[in-house]
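Structural characterization, general
Okay, here's what each chain looks like letter by letter:
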Amino acid sequence: MPFTHILLAILVSAIYGVAFVAIKLSVTELPPLLVTGYRYLFAALPLVFFVPVPKVPVRLLVAYGVTQGVLMFGLIFSAIRLGMPPGLASLVVQMQVFFTVLFSVIAFGEKPRRHEVVGAIVAIGGICLIGFAEAEITPIVPFLMVIGSAAAWGLANVIAKAAKPTAMLGFVGWSSLAAPLPLFLLSMLFEGTKFGLPDHVPSMTAVLSIAFLAYPTTVFNFAAWIFLLRAHAAATVTPFALLIPVFGMASTALVFGETLPPLAAAGSALIFLGLAINVFGWRLLR
């Protein structure tokens, strides 16, 4: 793997991790479903004017946009607004790896390998520890919402696999169009907003946070990650995803002073170990 590609993979992971700071900054000021709607609106525009509609079934294109945009990010943005520490969320949501394996078994009849099962068991143990720790310091509902977000991410991965898009940038751009309208409607219903508009002029911090979530995090990162996967074996590229919670937890600690109680830290270590076992397989256990 060329050094420039290594740097690109690290940059992608760093952007995904730092995005959790942007999430916290934006949902602290604006309703989370509204923020998510704007994130996907700006991710789609103006991209859809420059890329063709992907040659995939429309139902799968819409299903992907709704599952990822409305369910996955709607849940995690709302969870962070309700008190879930963003750094911890960046780690827990990586449970999507195991939900993807589970849903692939159901949808495609794939058989999980032994190390994937072991990794899932280890990570679930970490989730239980964090859940117990979080119950003592914050409401359990936001934590469960992040688990739901991870499940939605896994489902979105399976939908994308079924769609088999060849033009990935077009797929992410046009699927993003499916998310803003239901998000704005849900925001009107649950957050009391009107016609997808905030009740005040957002600060520059909120505007820049949403722009960061829309363009570097969604458009650039998605295109860069697909480029890397096309240029190298998945086994070479996917381990870099383990850096996402590292950057996420480091950046939120730096910006917000976020710290973890000992039990949550132990649970985080177990999740990270479970993910590492899933990615590296039995090589890690030798």
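Structure's up top.
Let me sum up the structure you'll find in this document. Computed from a predicted structure; not experimentally measured.

1. Topic: the overall build of the protein
When helices and strands are counted, the protein shows 13 helices and zero strands. Secondary structure elements in the protein, listed N-terminal to C-terminal, are α-α-α-α-α-α-α-α-α-α-α-α-α. Taking 286 residues into account, the globule formula puts the C-alpha radius of gyration at 19 Å, and the protein, at 18 Å, falls close to it. With the principal axes as the frame, the protein shows a C-alpha extent of 55 × 45 × 40 Å. Per-residue burial over the protein gives 50% buried out of 286 residues. Across the protein, every contact between residues at least 6 apart in sequence was considered, and the portion connecting residues at least 24 apart equals 88%. Total accessible area on the protein stands at roughly 13,200 Å², and carbon and sulfur atoms take up 75% of it. Here the protein holds 14 positive side-chain charges and 8 negative ones, and the gap between their average locations is 18 Å.

2. Digging into the packing of aromatic side chains
Summed over the entire model, instances satisfying the criterion amount to six aromatic pairs. An aromatic cluster is present here, built from Tyr38, Phe42 and Phe184 joined pairwise through their rings. Above the ring of Phe73, the side-chain terminus of Arg39 is found at 4.1 Å from the ring centroid.

3. Quick word on the packing of helix 2 (residues 32-44) against helix 10 (residues 204-231)
Contact geometry of helix 2 with helix 10 gives a least axis separation of 8 Å together with a crossing angle of 50 degrees. By the criterion of interaxial angle, the relationship of helix 2 to helix 10 is oblique. Pair helix 2 / helix 10 crosses with right-handed handedness. Judged by residue contacts, Val35, Tyr38, Arg39, Phe42 and Ala43 of helix 2 engage Ile210, Leu213, Ala214, Tyr215, Thr217, Thr218 and Val219 from helix 10. Of the residues in the contact of helix 2 with helix 10, the class split is nine nonpolar, two polar and one charged.

4. Focus on the environment of Val172
As for its placement among the helices and strands, Val172 is situated in helix 8 (residues 168-176). Separated by 118 residues in the primary sequence, Val172 and Pro54 place their C-alpha atoms 9.2 Å from one another.

5. A closer look at helix 3 (residues 58-81)
Count 3.6 residues to each turn of an α-helix, and residues three or four apart come out pointing the same way. For helix 3, built from 24 residues, the straight-helix expectation of 34 Å at 1.5 Å per residue is met to within 8% by its first-to-last C-alpha distance of 32 Å. At Gly74, helix 3 shows its largest kink, close to 30 degrees. Backbone geometry just after helix 3 places Gly83 at a positive phi near 125 degrees.

6. Quick word on a nonpolar patch on the surface
Residues Leu181, Leu185, Met188, Phe195 and Leu197 make up a contiguous nonpolar surface patch of about 560 Å² in total accessible area. Structurally, Phe195 is set in the loop between helix 9 (180-190) and helix 10.

7. A look at the nonpolar core
Membership of the largest hydrophobic core comes to 47 residues, with the highest contact counts inside it found for Ile76, Phe77, Met84, Val92 and Val146. Counting 17 residues, the second largest nonpolar core, distinct from the first, contains Ala43, Ile159, Met168 and Phe171.

8. Let's talk about the packing of helix 8 against helix 10
Two elements in contact, helix 8 and helix 10, have axes separated by 9 Å at closest approach and are oriented at 150 degrees. Considering the angle they form, helix 8 stands roughly antiparallel to helix 10. Helix 10 is crossed by helix 8, and the crossing has right-handed handedness. For the pair formed by helix 8 and helix 10, the contact residues are Met168, Leu169 and Val172 on the first element and Thr218, Val219, Phe222, Ala223, Ile226 and Arg230 on the second. In the contact of helix 8 with helix 10, the residues fall into seven nonpolar, one polar and one charged.

9. Focus on helix 7 (residues 140-163)
With 24 residues, helix 7 extends 35 Å between its outermost C-alpha atoms, agreeing within 8% with the 34 Å of an ideal straight helix rising 1.5 Å per residue. Looking one or two residues past helix 7, Lys164 carries a phi angle of roughly 50 degrees, positive in sign.

10. Concerning the side chain of Gln94
Here Gln94 is to be found in the loop between helix 4 (86-92) and helix 5 (96-108). Separated by 3.5 Å, the side chain of Gln94 and the backbone oxygen of Ser90 make a polar contact. Contacts of Gln94, omitting those with residues within four sequence positions, involve Trp153, Ile244, Pro245 and Leu275.

11. As for the environment of Phe247
Residue position: Phe247 is located in helix 12 (residues 243-256). Separated by 87 residues in sequence, Phe247 and Ala160 place their C-alpha atoms 26 Å apart. If near-sequence neighbours (up to four positions away) are discounted, Phe247 is found in contact with Ile10, Ser13, Ala14 and Gly17.

Cut-off values and rules
Residues numbered from 1 in each chain as written. Predicted model: local features only at pLDDT ≥ 70, side-chain atom pairs only at ≥ 80, totals over all residues. Heavy atoms only, no water. Helix = DSSP H or I, 4+ residues; strand = E, 2+ residues; numbered from the N terminus. Rg over C-alpha atoms; globule rule 2.2 N^0.38 Å. Buried < 20%, exposed > 50% of the residue type's maximum accessible area, 1.4 Å probe, protein only. Contact = heavy atoms within 4.5 Å. Areas by Shrake-Rupley, 256 points an atom, 1.4 Å probe, with all protein chains shown as cover. Lys, Arg positive; Asp, Glu negative; His and termini not counted. Charge placed at Lys NZ, Arg CZ, Asp CG, Glu CD. Phe/Tyr/Trp six-rings, centres within 6.5 Å; stacked < 30°, edge-to-face > 60°. Lys NZ or Arg CZ within 6 Å of the ring centre and 35° of its normal. Axes fitted to C-alpha atoms, helices over the stretch in contact; angles between N-to-C directions. Parallel < 35°, antiparallel > 145°, perpendicular 65-115°, else oblique. Left-handed = near helix turned anticlockwise from the far one by under 90°. Nonpolar A, V, L, I, M, F, W, Y, C, P; charged D, E, K, R; others polar. Expected span 1.5 Å × (residues − 1). Bend = angle between axes of the 7 residues up to and from the residue. Patch = residues over 30% accessible without salt bridge, like charges linked within 9 Å, V, L, I, M, F, W, Y side chains within 5 Å. Salt bridge = Lys/Arg side-chain N within 4 Å of Asp/Glu carboxyl O. Core = buried A, V, L, I, M, F, W, Y, C linked by side-chain atoms within 4.5 Å. Polar contact = N/O pair within 3.5 Å; in protein donor to acceptor, adjacent residues only side chain to side chain.

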